[in-house]
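As a plain string of letters, each chain reads:
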Amino acid sequence: MTNDTLKELYETILDRKSNKQEGSYTCYLFDKGLDKILKKVGEECSETIIAAKNGDNSETVLEISDLIYHLFVMMVDQGIAVEDVMAELDKRSKKTGNLKQFHQVDKNT
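Residues numbered from 1 in each chain as written. Predicted model: local features only at pLDDT ≥ 70, side-chain atom pairs only at ≥ 80, totals over all residues. Heavy atoms only, no water.

## Some remarks on a nonpolar patch on the surface
Taken together, the side chains of I80, V85 and L89 make up a nonpolar region of the molecular surface, amounting to roughly 220 Å² of accessible area. Looking at the secondary structure, you find V85 in helix α5 (residues 82-93). Residue V85 is classed as partly exposed on the basis of its relative accessible area of 32%. (Patch = residues over 30% accessible without salt bridge, like charges linked within 9 Å, V, L, I, M, F, W, Y side chains within 5 Å. Areas by Shrake-Rupley, 256 points an atom, 1.4 Å probe, with all protein chains shown as cover. Salt bridge = Lys/Arg side-chain N within 4 Å of Asp/Glu carboxyl O. Helix = DSSP H or I, 4+ residues; strand = E, 2+ residues; numbered from the N terminus. Buried < 20%, exposed > 50% of the residue type's maximum accessible area, 1.4 Å probe, protein only.)

This is the structure:
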């Protein structure tokens, strides 16, 4: 998956929010609202965890794809641009040596 693929997926979802299409699952999610979208994000997150725990890489890839899609629907619903997330990931990729700081914040580790 490239940045272009992610941007194209995001743009398709953004278009579905503005231009309703009969039979579109994305439009269905927008019609049902944030609670339904968040429920699907949670379900896909759990299914991703289970697939990974089961060691089934092909199933894990499918679930990760579902999770990314539903996260993008949530982002569009909330007005979060994919470029903002990519910029944050880019910023984080330049950080090094922050493990000690991370562990001080993460009380569950």
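## Side note on the pattern of salt bridges
Taken as a whole and judged by the stated rule, the model has eight salt bridges. Close ionic contact of E88 with R92 constitutes a salt bridge, the shortest N to O distance being 2.8 Å. On the criterion of helical spacing, the pair formed by E88 and R92 is a turn pair, its members being four residues apart in helix α5. Taken together, the shared-partner salt bridges connect K40, E43 and E44 into one network.

Without other data, these values stay purely geometric and don't point to any function.
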